[in-house]
Amino acid sequence: MAKLSESRGQDASGILSWVNGKELILKSPSRVANILQSKAYSDLKPMIDSVSHQPVVLIGHTRMVTNGDRTCSENNQPVLMPRMSIFHNGIIVNEQSLSTQLAPWVREMDVDTEVFGLLVESQLSAGMELSDAINFAKEQCEGANTYCCISQQLYSLVLATTNGSMFYAEDTTGSNLIFGSEPKVVQSALKNLGPEYFENVMKLEPNESFTFQVGSVPQDFDREVQTVTPRNPVRANGSFPSTEFTLPVDWDRIANLKRCTSCLLPDTFPGLTFNLDGVCSKCQHSITRTTLGIDSFLRLYEANVKSGMSEEVLVPLSGGRDSCYGLHYVTKVLGLPAIAYTYDWGFVTDLARRNISRMCGTLGVEHILVAADIDMKRANVHQNVEAWIRKPELGMIPLFMAGDKHFFKYASKLRLERNTSLTVFSMNWYEQTGFKTGFAGVRDESVHTKTHGISNFNKLKLIRYYIGQFLTNPKYINSSIKDSLSGFSSFYLSKMDYQQLFDYIDWDEDHVNQVLKSEYDWESGSPNRSTWRVGDASAAFYNYVYLSAVGFTEFDTFRSNQIRAGQLSREAALSNLQRDNNPNVQEFVDYCNLIDINPELLARTIRGIGVSST
């Protein structure tokens, strides 16, 4: 069960056991395999096997760090309170405001789970029953949160969830319980224990709780906490400050670029040509897209359900505006049951993670998190950015984002696992850029059925370009190659068995923003910036690269696509662009800290590229 749960996070882990009148807690700032291979766990196993009469409890947790430094043991799960131990999945989005309401209780940890624990403890002190205290605290904590609270003093285990991300099975006598965040975890345990002895796997519905009595536990229960040291050192992020750091831009040079008289694209865009009227080739060959209509979507959904698929729809959720709106539309507008899914590869912003929690908590939608080996992913980007600094080429920038392309692989896997009727992504066609592969010598004007497609011939050209770069810059030949190839395969070579919501309905930027902010208190960062890319921690970096080197960013292509579709006038788009393209210093430094690269060195390298590199 522990190994299956690792898909939800590998940054830290913890195991709690009750054996022979003792509560033993093992924690590690590393993956759970480190605990399972430790001497402390080896010593525990025969003790569990030898118990015949007293209750035995064994609970494990694997964690992706969202707040609270994992090298500080108290921040890792389970979080220990005076009368209970708490396992928590999710993000309490109103943690800060709740922290001011806890007096006389005082916070001692950085992890948000403590806020929930103190709320429960305060109600227990006021005489409330454990299950009632947990339900009270759950209602105060906003976001998608699931808890397991176990009290050695009150002999009880309580499961509670705001969004339905908890599954459990009792045996036929009601004396044994298995539970987990996903049904596959519980089902795997049942296969080993004998499914004939257990009832069916049950889902704890949103805002429900379940209490399980753990028998007669001795009052003098001892608690022992051990930290299992990782076999490999814990990777630390950089700690570069953003104060007195700037990202200068030659705005005069950018203002003097020749631009299309119809859209905003400049002559530094790879492969772009202009006619005698100054209209670019993108505008000359643009096509008018029409939506398929939501009735077409519903017919496809109903046909799949009739064929035996689940009524549930899988909605990939990045925390950005379009995926959040997609979840809103599928559940609230269409009224379809949904499962949200996130692939977190270590460059999803904290803001996006909070938005995910807000959406799933408000809508009561189960959330499946697939978390990569984040230390490895960031180390891979570190190696490749170091190689790029040695020989900067604009065509190599997408390599740094190769690690997130497994999003599609796991979406396909989850659809099969849960037998969902559809997988619904929420990319919109205005996001098409063309220049990122264009700087690698790939010119693709053909029409594709998916937002980010390129022809098979151009896939081969892209591979040849990367091979050439690897040969001329051997620093790219490093331990990241396997993961990069896997990401390329997932994105370009795998079957894309999903639907795009905005193939069926119109996309309207103002409407999307208004719905998210008014109905979900959705975070968008600075009020003076575009809400696009708020979930991508790498965007500030690569957009500064393109802006500094060639005078435009992906916002230029985005606004130009809106112009061609009649959504924006050229004047309005140009006004937006002056805001969109202003470099975000803090986000640039945050990215550098994630990959442990000196921002001064990186910015200096970027400014040295020059337009001639195109």
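Structure shown above.
Rules used throughout
- Residues numbered from 1 in each chain as written.
- Predicted model: local features only at pLDDT ≥ 70, side-chain atom pairs only at ≥ 80, totals over all residues.
- Heavy atoms only, no water.
- Helix = DSSP H or I, 4+ residues; strand = E, 2+ residues; numbered from the N terminus.
- Rg over C-alpha atoms; globule rule 2.2 N^0.38 Å.
- Buried < 20%, exposed > 50% of the residue type's maximum accessible area, 1.4 Å probe, protein only.
- Areas by Shrake-Rupley, 256 points an atom, 1.4 Å probe, with all protein chains shown as cover.
- Lys, Arg positive; Asp, Glu negative; His and termini not counted.
- Charge placed at Lys NZ, Arg CZ, Asp CG, Glu CD.
- Pairing = 2+ DSSP bridges.
- Axes fitted to C-alpha atoms, helices over the stretch in contact; angles between N-to-C directions.
- Parallel < 35°, antiparallel > 145°, perpendicular 65-115°, else oblique.
- Contact = heavy atoms within 4.5 Å.
- Nonpolar A, V, L, I, M, F, W, Y, C, P; charged D, E, K, R; others polar.
- Patch = residues over 30% accessible without salt bridge, like charges linked within 9 Å, V, L, I, M, F, W, Y side chains within 5 Å.
- Salt bridge = Lys/Arg side-chain N within 4 Å of Asp/Glu carboxyl O.
- Core = buried A, V, L, I, M, F, W, Y, C linked by side-chain atoms within 4.5 Å.
- Phe/Tyr/Trp six-rings, centres within 6.5 Å; stacked < 30°, edge-to-face > 60°.
- Lys NZ or Arg CZ within 6 Å of the ring centre and 35° of its normal.
- Expected span 1.5 Å × (residues − 1).
- Arc of directions from axis to C-beta.

Thoughts on the overall build of the protein chain
Within the protein chain, the regular secondary structure consists of 23 helices and 17 strands. At 26 Å, the protein chain has a C-alpha radius of gyration in line with the 25 Å of a compact globule built from 614 residues. Each principal axis of the C-alpha distribution contributes one length, and for the protein chain these read about 90 × 55 × 45 Å. Relative to its full complement of 614 residues, the protein chain shows a buried share of 56%. Per element, the accessible surface of the protein chain, about 26300 Å² overall, is 50% carbon and sulfur. The distance from the centre of the 57 positive side-chain charges to the centre of the 68 negative ones in the protein chain is 8 Å.

A few points about the pairing of strand S5 (residues 84-90)
In terms of residue burial, S5 counts as a mostly covered element, since 5 of its 7 residues are buried. Sheet topology places strand S4 (residues 79-81) next to S5; 3 bridges connect them, and they run antiparallel. Paired with valine 79 across the bridge in S5 is isoleucine 86. Joining the antiparallel neighbours S4 and S5 is a turn of 2 residues.

Examining the packing of helix H11 (residues 321-333) against helix H12 (residues 350-363)
Interhelical geometry of H11 versus H12 gives an angle of 5° and a closest axis separation of 10 Å. The angle between the axes of H11 and H12 places the two elements in the roughly parallel class. Counting all contacts with H11, which are made through Cys324, Leu327, His328, Thr331 and Lys332, the residues of H12 involved are Asn355, Met359, Cys360 and Leu363. Tallied by class, the residues present in the contact of H11 with H12 amount to 5 nonpolar, 3 polar and 1 charged.

Focus: the sheet that holds strand S10 (residues 202-203)
Taken together, 3 strands build an open sheet; the order of strands is S9-S8-S10 and the sheet is antiparallel. The sheet is open, and its two borders are formed by strand S9 (177-180) and S10, each paired with just one other strand. In terms of strand pairing, strand S8 (residues 167-170) meets S9 through 4 bridges, oriented antiparallel. Following the sheet pairing, tyrosine 168 is matched in S9 by phenylalanine 179.

Brief notes about a negative patch on the surface
A surface patch of negative charge is lined by Asp69, Glu74, Glu108 and Asp110. The topology assignment puts glutamate 108 in the loop between helix H4 (95-99) and helix H5 (113-125). Given a relative accessible area of 64%, glutamate 108 falls into the exposed group.

Some words on the pattern of salt bridges
Tallied over the entire structure, the rule returns 28 salt bridges. Here lysine 39 ties to aspartate 43 by a salt bridge, and the two come within 2.8 Å at their closest N and O atoms. With lysine 39 and aspartate 43 both in helix H3 (residues 39-50) and 4 residues apart, this pair spans about one turn of that helix. Note that glutamate 554 and lysine 436 form a salt bridge whose closest N and O atoms lie 2.8 Å from each other. A residue pair is termed long-range when its members are at least 10 positions apart, and glutamate 554 in helix H20 (residues 554-564) and lysine 436 in helix H15 (residues 435-438) qualify at 118 residues. Considered together, glutamate 554 and lysine 436 belong to a single accessibility category, that of buried residues. Salt bridges sharing partners connect three or more residues here, namely Arg321, Asp322, Glu509, Arg559, Arg579 and Asp580.

Focus on the sheet that holds strand S7 (residues 156-161)
If you trace the 5 strands from one edge of the open sheet to the other, you get S4-S5-S6-S7-S11, paired in antiparallel fashion. Looking at the sheet topology across the chains shown, the edges are occupied by S4 and strand S11 (208-213). Neighbour-to-neighbour, the strand axes of the sheet open up by a mean angle of 15°, direction not taken into account. H5 rests against S4, S5 and strand S6 (145-151) of the sheet, and its axis sits at about 135° to S5. This element, helix H6 (residues 130-140), spans S5, S6, S7 and S11 of the sheet and lies at about 25° to S7.

Comments concerning a nonpolar patch on the surface
On the surface, Leu460, Ile463, Ile467 and Leu471 cluster together into a nonpolar patch covering about 410 Å² of accessible area. As for its position among the elements, leucine 471 is in helix H16 (residues 456-472). Since its relative accessible area comes to 65%, leucine 471 is described here as exposed.

Re the pairing of strand S16 (residues 420-425)
In terms of residue burial, S16 counts as a mostly covered element, since 6 of its 6 residues are buried. As judged from the 3 bridges shared by strand S13 (residues 310-316) and S16, these two strands associate in the parallel manner. Considered in S16, the bridge of leucine 314 is made with threonine 423. Pairing of S16 with strand S17 (residues 499-500) involves 2 bridges; the strand directions are parallel. Among the inter-strand pairings, valine 424 is bridged to a residue of S17, identified as glutamine 499.

Some remarks on the nonpolar core
Core analysis: the biggest nonpolar cluster contains 115 residues, and Trp388, Phe400, Phe541, Phe588 and Leu602 have the highest contact counts within it. It is helix H19 (residues 539-550) that contributes the most residues to this core, 9 residues altogether. Excluding anything up to four places from it in sequence, tryptophan 388 contacts Glu393, Met396, Ile397, Phe400, Asn473, Tyr476, Val545, Leu602, Thr605, Ile606 and Ile609. Formed by 24 residues, the second largest nonpolar core is a distinct cluster that contains Ile92, Leu119, Ile134 and Cys149.

Structural notes on the packing of aromatic side chains
Per the stated rule, a full pass over the model turns up 35 aromatic pairs. Between the aromatic rings of phenylalanine 435 and tyrosine 546, the centroid separation amounts to 4.9 Å while the plane-to-plane angle is 85°, which identifies the pairing as edge-to-face. A residue pair is termed long-range when its members are at least 10 positions apart, and phenylalanine 435 in helix H15 and tyrosine 546 in helix H19 qualify at 111 residues. Take phenylalanine 435 and tyrosine 546: they sit in the same class, and that class is buried. Ring centres of phenylalanine 541 and phenylalanine 588 lie 6.4 Å apart, and the angle between their planes is 50°; this geometry places the pair in the tilted category. Of this pair, phenylalanine 541 sits in helix H19 while phenylalanine 588 is found in helix H22 (residues 585-595), placing the two residues 47 residues apart along the sequence. The burial state of phenylalanine 541 is the same as that of phenylalanine 588; both residues are buried. Sitting over the face of the ring of tryptophan 429, arginine 289 holds its NZ or CZ atom 3.6 Å from the ring centroid. When the ring centre of phenylalanine 491 is taken as origin, the NZ or CZ atom of lysine 405, which lies over that ring, is 5.5 Å away.

Focus: helix H10 (residues 294-306)
With 13 residues, H10 should reach 18 Å at 1.5 Å per residue; the first-to-last C-alpha distance of 18 Å fits that figure. Within H10, burial applies to Phe297, Tyr301 and Asn304. All buried residues of H10 project into a common sector of 65° when viewed along the axis, lining one side. For H10, the exposed residues set more than 90 degrees away from the buried face come down to Asp295, Arg299 and Lys306. Looking at the buried positions of H10, the neighbouring elements they touch are S13, helix H14 (406-418) and S16.

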